[in-house]
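Overview (structure and organization)
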Number of protein chains: 2
Amino acid sequence: MRESFYLTMSILLFILNSAFAAPLTMSELLASSQDSDWREADADNLLYMTLSTGQVVIELAPLFAPRLTANIRSLARERYWDDLSINRAQDNYVVQWGDPSAEDPKSKKPTKVPETLAAEFERALDKKVPFTVLKDGDIYAPEVGFSDGFPAARDPRGKKMWLTHCYGAVGAGRNTPAESGPGMELFAVIGHAPRHLDRNISLVGRVIDGMEHLSSLPRGTGPLGFYEKPAQRITIKSIRLGRDVPGKDRGRWQVLRTDTPLFQKVIESRRHRPEEWFHHRAGRIELCNVPIPVRKVTEK
Amino acid sequence: MRESFYLTMSILLFILNSAFAAPLTMSELLASSQDSDWREADADNLLYMTLSTGQVVIELAPLFAPRLTANIRSLARERYWDDLSINRAQDNYVVQWGDPSAEDPKSKKPTKVPETLAAEFERALDKKVPFTVLKDGDIYAPEVGFSDGFPAARDPRGKKMWLTHCYGAVGAGRNTPAESGPGMELFAVIGHAPRHLDRNISLVGRVIDGMEHLSSLPRGTGPLGFYEKPAQRITIKSIRLGRDVPGKDRGRWQVLRTDTPLFQKVIESRRHRPEEWFHHRAGRIELCNVPIPVRKVTEK
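Residues numbered from 1 in each chain as written. Chains lettered and ligands numbered in written order. Predicted model: local features only at pLDDT ≥ 70, side-chain atom pairs only at ≥ 80, totals over all residues. Heavy atoms only, no water.

1. Quick notes on the overall build of chain A
Basically, it comes down to this: Starting at the N terminus, helices and strands are each numbered in turn, a helix being any DSSP run of H or I of at least four residues and a strand any DSSP run of E of at least two. Think of it in three bands: residues with accessible area under 20% of the maximum for their type are buried, residues over 50% are exposed, and the middle band is partly exposed, with areas taken using a 1.4 Å probe on protein chains only. When checking whether two residues touch, look at their non-hydrogen atoms; a contact exists if any pair is within 4.5 Å. Note that accessible areas follow from Shrake-Rupley with a 1.4 Å probe, and for residues the cover is restricted to the protein chains shown. Here Asp and Glu are counted as negative and Lys and Arg as positive; His is not counted, and neither are the chain ends. Note that the charge is assigned to NZ on lysines, CZ on arginines, CG on aspartates and CD on glutamates.
For chain A, the helix and strand inventory stands at six helices and 17 strands. Classification of the 300 residues of chain A by burial places 55% in the buried group. Contacts in chain A between residues far apart in sequence, at least 24 positions, make up 71% of those at least 6 positions apart. Here chain A displays about 14,300 Å² of accessible surface, and carbon together with sulfur accounts for 53% of that area. Seen as two clouds, the 42 positive and the 38 negative side-chain charges of chain A have centres 2 Å apart.

2. A few points about the pattern of salt bridges
Quick note on the threshold: Definition used for salt bridges: Asp or Glu carboxyl oxygen within 4 Å of a side-chain nitrogen of Lys or Arg.
Scanning the model with the defined rule gives 40 salt bridges over all chains in all. For R240 of chain B, the salt bridge is made with D82 of chain B, and the minimal N-O distance between the two is 2.8 Å. Highlighted residues: R240 of chain B in strand β15 (residues 238–241) and D82 of chain B in the loop between α3 (66–77) and β4 (85–89), separated in sequence by 158 residues. Classification of R240 of chain B as buried rests on a relative accessible area of 17%. D249 of chain B is the partner of K248 of chain B in a salt bridge, and the nearest nitrogen-oxygen pair spans 3.4 Å. According to the relative accessible area criterion, K248 of chain B is exposed, its value standing at 76%. Among the ionic contacts, a cluster of salt bridges with common partners joins R39, E59 and D148 of chain A.

3. Topic: the interface of chain A and chain B
The cut-off we apply is this: Buried area adds together the accessible area that both of two parts lose upon being put together, with accessible area traced by a 1.4 Å probe. Classification used: nonpolar for Ala, Val, Leu, Ile, Met, Phe, Trp, Tyr, Cys and Pro, charged for Asp, Glu, Lys and Arg, polar for all others including Gly.
Each partner contributes to the interface: chain A provides 43 residues, whereas chain B provides 44 residues. Across the interface of chain A and chain B, roughly 3,800 Å² is buried in total on both sides, 57% from carbon and sulfur atoms. Per-residue buried area on chain A facing chain B is highest for I139, H192 and W277 of chain A; these three make up 22% of the total on that side. Taken together, the connections running from chain A to chain B amount to zero salt bridges. Per-class residue counts for the side of chain A that touches chain B are 18 nonpolar, twelve polar and 13 charged.

4. Digging into the side chain of E120 of chain B
All names here are of chain B. Position of E120 among the secondary structure elements: in the loop between β5 (94–98) and β6 (123–124). For E120, a relative accessible area of 4% puts it in the buried group. Apart from the residues within four sequence positions on either side, E120 is in contact with F64, A65, P66, R67, L68 and S202.

5. Section: helix α3 (residues 66–77) of chain A
Residue and element names in this part refer to chain A. The cut-off we apply is this: What a helix should span is 1.5 Å times the count of its residues minus one.
Across its twelve residues, α3 extends 17 Å between first and last C-alpha, which sits within 8% of the 16 Å expected from 1.5 Å per residue. Of the positions making up α3, those classed as buried are L68, T69, N71, I72, R73, S74, L75 and A76. Lining the buried residues of α3 we find β2 (46–51), β3 (54–60), β11 (169–172), β12 (186–189), β13 (202–209) and β15 (238–241). In the stretch just after α3, R79 is the one whose phi turns positive, near 60 degrees.

6. Here's the deal with the side chain of E59 of chain B
Residue and element names in this part refer to chain B. Short version of the rule: Think of a polar contact as two N or O atoms within 3.5 Å of one another; within protein, one of them needs to be a possible hydrogen donor and the other a possible acceptor, and neighboring residues in sequence only count if both atoms come from side chains.
For E59, the location among the structural elements is in strand β3 (residues 54–60). A distance of 2.8 Å separates polar atoms of two side chains, one belonging to E59 and the other to R39. When neighbours within four sequence positions are excluded, E59 is seen to be in contact with R39, A41, N45, L46, F150, V204, G205, R206, I208 and V255.

7. With respect to the environment of Y140 of chain A
Relative to the helices and strands, Y140 of chain A resides in the loop between β7 (132–133) and β8 (143–147). Spatially, the C-alpha atoms of Y140 of chain A and K296 of chain A are 33 Å apart, while their sequence positions differ by 156 residues. For Y140 of chain A, the residues in contact, after removing those within four places along its chain, are R195 and H196 of chain A together with A282, R284, I285, E286 and N289 of chain B. Of the polar contacts made by the side chain of Y140 of chain A, one reaches the backbone nitrogen of E286 of chain B; its length is 3.0 Å.

8. Notes on the state of the cysteines
Residue and element names in this part refer to chain A. In plain terms, the rule: Any two cysteine sulfur atoms within 2.5 Å of one another count as a disulfide.
According to the stated counting rule, one finds two disulfides over all chains in the structure shown. Sulfur-sulfur distance for the disulfide between C166 and C288 comes to 2.0 Å. On the S-S bond that ties C166 to C288, the torsion sits near -70 degrees, and the link is left-handed. Of this pair, C166 sits in the loop between β10 (160–163) and β11 while C288 sits in the loop between α6 (261–271) and β17 (294–297), placing them 122 residues apart in sequence. Assessed through its relative accessible area of 5%, C166 is described here as buried.

9. Some points on the sheet that holds β2 of chain A
Residues and elements named next belong to chain A. Applicable threshold: In this description, strands pair whenever DSSP reports at least two bridges between them. Fitted lines through C-alpha atoms serve as axes, helices being fitted only where they are in contact, and the angles separating the N-to-C directions of these axes extend from 0 to 180 degrees.
Spatially, nine strands are ordered β14-β4-β5-β12-β11-β13-β3-β2-β15 in an open sheet, and the strand pairing comes out antiparallel. The open sheet is flanked by β14 (234–235) and β15, the only strands paired with a single partner. Relative to β13, β11 is paired through four bridges, and the arrangement is antiparallel. Each residue of the ladder has a partner; that of G171, found in β13, is L203. Contacting β2, β3, β11, β12, β13 and β15, α3 runs over the sheet at an angle of about 120 degrees to β15.

10. Some remarks on unusual backbone geometry
Residues and elements named next belong to chain A. For K159, which is not glycine, the phi dihedral falls at a positive 55 degrees. Among the residues examined, K159 registers a relative accessible area of 57% and is labelled exposed. Phi is positive for L224, close to 60 degrees, though the residue is something other than glycine. Structurally, L224 is set in the loop between α4 (212–215) and β14. On the basis of relative accessibility, which here comes to 51%, the residue L224 falls in the exposed class.

Below is the structure:
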């Protein structure tokens, strides 16, 4: 009888404690993560861009842009971008890099990739492509969420899915024709998510490290933020595919899995920020405000 | 009879032409604007921050933060910020300025303002405060729109309204107590709108010119993006109230009125981008992606 009373009380206390315990912050949740909560980025999907100020690491998303990411790998392998430059930095919009004299017939041409490529603005909705719905809704798309670490959107009626232009998204610049962006000219979003570009640009991935080397660049003063003088352009020392970087320099990057209970807890912790500093908890979150944590694995 | 036929045809042609004419782009709409589509910023609501790299102009919003904007005017008048610094630049978040040794009892104290001030996170909903609803909806607030050139939100049931944390929003940094942000410490949003800060921070205005001098600053490498070494901080030469700047240096700034048919056309033109480059037109727009144009009046 007494034992059963204690058992009941213990269960009751456990329930009360679970219900009223302060929810965990994102850092506490990450500290509690298991190795299985992370996936390691494939070295075939990593691009290392080296600038004089540091390194930018981009993860490619071949599930959304198979042709373009193949082209980009090929361009990196033939060292196409080495000694080319960042030519544009438009405030609250994008930083863009490639060959500033690409329009000149005498400019450096890649040998192994086509000059145009059918656009990959969106892809067929396919249940084999992972997608975790964000229940908060969206202004631009019928449904948004996360596909294996990339913010993305779906149109279940139109049976399409696509990557979204959140901060740090990387895409292929193009001229007016849809097929004019084969990947030599790339850009990264450095401002408030320009979601009106969704389905107008083939997104190829996102920056997972070193974003500040792009976002803090001086803004160009020409139209669209292009640098007016060649000397203002920022030289790209090199862009390499992860696979081609020697092991000791390559590093290993892990992205928090977005199809796990832990990731749901991260989202919930960002909807209702538990930190004492917050006086008003939003209770909702918008797609591009959901952090997708990345960690560099330090070899022991 | 014949006259009536021609009249009917003319009317019909006019209607057809209006219906099928290419919609105008934002620049075409602005080029068509009348003087009455603009309101001139009051010199009592302008703050000029001078850095070695250029000038940042902030428009204050006394309708939303009457006590704080009064405090800020007073601080500018006693030249509180002169020779203080920008101490924090956190990527995709905020740039923050003030006295880096504010916690030190021996630090520079303003003489005319209180050390704490009741927060102005939100204000009573009042029909006398202008508000133009954006019909596209919002993830965070029951209703969003524009109040005299400032992106804002309302809760008609809770009878409150507040400014929103869009790119360029300026607010008063605070410690954990709500009243701990009396305006000596200010910040500007330099990344994707951190809307979870809405109703947690007293917003006081927005940057209307020179934003790039803040957004392109090197990011701090300390916690929260604080600069780790004093030498990394960016010195503020001065912050002045527009009213106190001599006429020839003051300039005149005009903000597009947000309660006009022209502004509705601007929004519509950004929902359905008419530029030939766009292959997919979103048809919708999110609050912080609506541009609120500003022009500097050049005296003839």
